[in-house]
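So the chains spell out like this:
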Amino acid sequence: MHPSTPETGRVLLVDDEAAFQRLGGNFLRSLGHEVDIAGDGDAALSRFAKQRPELVLLDLAMPPHRDPERGLELIPRLAGVPVVVLTGHGEHELALRAAELGAWDFITKPIDPDLLRFVVARALRKSRLDAELARLRAGQEFDESGLVGLTPPMQQLRAMVRRVAPTRVSVLVLGPTGTGKELVARALHEGSPRRDGPFVVVHCGALSAELLESELFGHMKGSFTGAYRDQPGLVEAAHGGTLFLDEVGEMPPPMQVKLLRFLQEGTFIPVGGRAQRQADVRVLSATHRDLEAMVREGGFREDLFYRLKGVILRTPALAERTADVPLLAARFLKGVAPQARFAAGALAWVTARGWPGNVRELKAIVESAGALLLPDQSEVDTELLTLAAGDGTEPRRTLEPPGGTGVLDAALNELERRLIQDAMSAAGGNQSEAARQLGVSRVGLIKKLTRLGLR
Ligand SMILES: Nc1ncnc2c1ncn2[C@@H]1O[C@H](COP(=O)(O)OP(=O)(O)OP(=O)(O)O)[C@@H](O)[C@H]1O
Ligand SMILES: [Mg+2]
């Protein structure tokens, strides 16, 4: 066999029917593939581990009772190679479930040999490209998204990014300012087959409807004063790549109509032009505005909203994932001052401070604190951070118990902070009542509020 030639490779055939094992196996071998055969789930997993196939052909019906659930369970465990599922006629629902679990393609039995040959060849190509990509990425410490964060909302976001990036689906990224919406958009582009194509950002809020139209779709010479020559727009510049409509909530209504037409038909007409043009772009968009409310109130076209939100990804406010703050702070400090560390208590300060400007604000303050380090100084302490943050007049110093690691302090502060905030809002802002609920004196509560920067 020649498992390394482009057309042939190592195939694992999982099927409990002896007749198909023989027929399918012989057919694949006749095409030059190296074929391994398993008759049940256990055998499939052990062959998978040993043979390291480049692709798996899987009949879902598994012994003892030709149970397709057993076949479905196998799919996630055959990770890393394309799984082509063999289904019976009319088993659409099974096929869909298999796809959700990560199956790559299907063939319906009885199998058409030409189709089998084609699907196998295509799956092998994919398998090799994936392997090549993994090799290229390894060693570059390639963080597939650049999104720092280990809290559940961030893990979820990263998983969603990984999931939708390779598709053509339009993605709408919603979230407060400074929470990484643009970073998500870039990660979606980088994780897509268009990654070698352009990533073009359009700032929808910065321009009037007229200028935005010409910016997006281009204009013809003489179409308005100052249009001295034909000028292609950003849509054309993004051909073969990704068009990112940033601040899409600010798009003026007349422009919303024109954008919708482009999204529906894939064609557009430059300002002052007559002929329709085409561009192949994937559209991503983002806004910090509450777009759903804008749609309800008529400020944003509903039909456009539905076009943009093939999938909605939400970037969480930093307050919803305080545990990521130390991680982000450490990453940002390393970026500007690789040798520097946070002093004891400094990370607690960072974690306890509210971040209305979210990650962007955190990044700015940590980076300027890093830049304020003197040549013989290697620790960023609360004082430096307070200075960088401009919070100087009323320092929100957190306690720095001797020997504290910072991270524990931060966690405790955060817990205290939440309990206090809950009690305060339950008490309608009444400090005496909140203090009573918390079982502390009113003065004690005020001290805590001051220390945690909640006043
Ligand atoms: N999870 C994250 N990990 C690392 N860096 C992040 C993360 N989120 C945001 N950043 C950084 O914070 C800054 C702001 O992020 P970004 O511009 O993507 O925010 P945004 O949501 O688009 O904000 P706006 O609504 O104000 O446009 C950038 O420097 C970005 O690299
Ligand atoms: Mg942005």
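Residues numbered from 1 in each chain as written. Chains lettered and ligands numbered in written order. Predicted model: local features only at pLDDT ≥ 70, side-chain atom pairs only at ≥ 80, totals over all residues. Heavy atoms only, no water.

Thoughts on the layout of surface pockets
Empty space left among the atoms is revealed by rolling a probe the size of a water molecule over them.
Piece 1. What the second largest pocket holds in volume is close to 570 Å³.
Piece 2. In terms of lining, the second largest pocket is formed by 22 residues, of which the most central are Gly178, Thr179, Gly180, Lys181 and Leu183.
Piece 3. Going through the elements one at a time, helix H7 (181–190), helix H13 (325–336) and helix H15 (358–371) are the ones with two or more residues in the lining of the second largest pocket.
Piece 4. Counted by class, the lining of the second largest pocket contains 7 nonpolar, 6 polar and 9 charged residues. (1 Å grid on protein atoms, 1.4 Å probe; cavity = no way out; pocket = protein on both sides within 12 Å on 5 of 7 lines; lining within 4 Å. Points joined across faces, edges and corners; volume = space filled by probe spheres on them. Helix = DSSP H or I, 4+ residues; strand = E, 2+ residues; numbered from the N terminus. Nonpolar A, V, L, I, M, F, W, Y, C, P; charged D, E, K, R; others polar.)

With respect to the pairing of strand E8 (residues 242–246)
Piece 1. Counted residue by residue, E8 has 5 buried out of 5 residues, so it is predominantly covered.
Piece 2. Residues Thr242, Phe244 and Asp246 point to one face of E8 and Leu243 and Leu245 to the other, with burial holding for every one of them.
Piece 3. Judged from the 5 bridges that link them, strand E7 (residues 199–203) and E8 form a sheet pairing that is parallel. Among the inter-strand pairings, Val201 is bridged to a residue of E8, identified as Phe244.
Piece 4. Relative to strand E11 (residues 282–287), E8 runs parallel, the two being bridged by 4 bridges. Bridging from a neighbouring strand, Leu245 pairs with Ser285 of E11. (Buried < 20%, exposed > 50% of the residue type's maximum accessible area, 1.4 Å probe, protein only. Pairing = 2+ DSSP bridges.)

As for the packing of aromatic side chains
The geometry of an aromatic ring pair is captured by the separation of the ring centres together with the interplanar angle, meaning the angle of the planes.
Piece 1. Throughout the structure, instances matching the rule amount to 5 aromatic pairs.
Piece 2. A ring pair is formed by Phe217 and Phe268, whose centres lie 5.4 Å apart and whose planes are at 15°; its orientation type is stacked. On the criterion of sequence distance, the pair formed by Phe217 in helix H8 (residues 209–217) and Phe268 in strand E9 (residues 267–268) is long-range, its members being 51 residues apart.
Piece 3. You can call Phe217 buried: its relative accessible area is 3%.
Piece 4. For Phe268, a relative accessible area of 4% translates into the label buried.
Piece 5. Judged by centre distance (5.8 Å) and plane angle (80°), the rings of Phe262 and Phe268 are edge-to-face. Phe268 shares its class with Phe262; the two are buried.
Piece 6. Joined through ring pairs, the aromatic side chains of Phe217, Phe262 and Phe268 make up one cluster.
Piece 7. In this structure, Arg52 is placed above the aromatic ring of Phe48, and the distance from its NZ or CZ to the ring centre is 5.2 Å. (Phe/Tyr/Trp six-rings, centres within 6.5 Å; stacked < 30°, edge-to-face > 60°. Lys NZ or Arg CZ within 6 Å of the ring centre and 35° of its normal.)

A closer look at the site of ligand 1
Piece 1. As a structural note, the neighbourhood of ligand 1 is formed by 18 residues, with Val148, Thr177, Gly178, Lys181 and Arg360 the closest of them.
Piece 2. At 2.6 Å, a side-chain N or O of Thr177 approaches an oxygen atom of ligand 1.
Piece 3. Between ligand 1 and the protein, one listed contact pairs an oxygen atom with a backbone N or O atom of Gly178 at 2.8 Å.
Piece 4. Taken by itself ligand 1 offers 630 Å² of open surface, and the protein chains cover 84% of this.
Piece 5. Among the detected pockets, ligand 1 sits in the second largest pocket. (Near = heavy atom within 4 Å. Polar contact = N/O pair within 3.5 Å; in protein donor to acceptor, adjacent residues only side chain to side chain. Areas by Shrake-Rupley, 256 points an atom, 1.4 Å probe, with all protein chains shown as cover. Sits in = over half its atoms within 2 Å of the grid points.)

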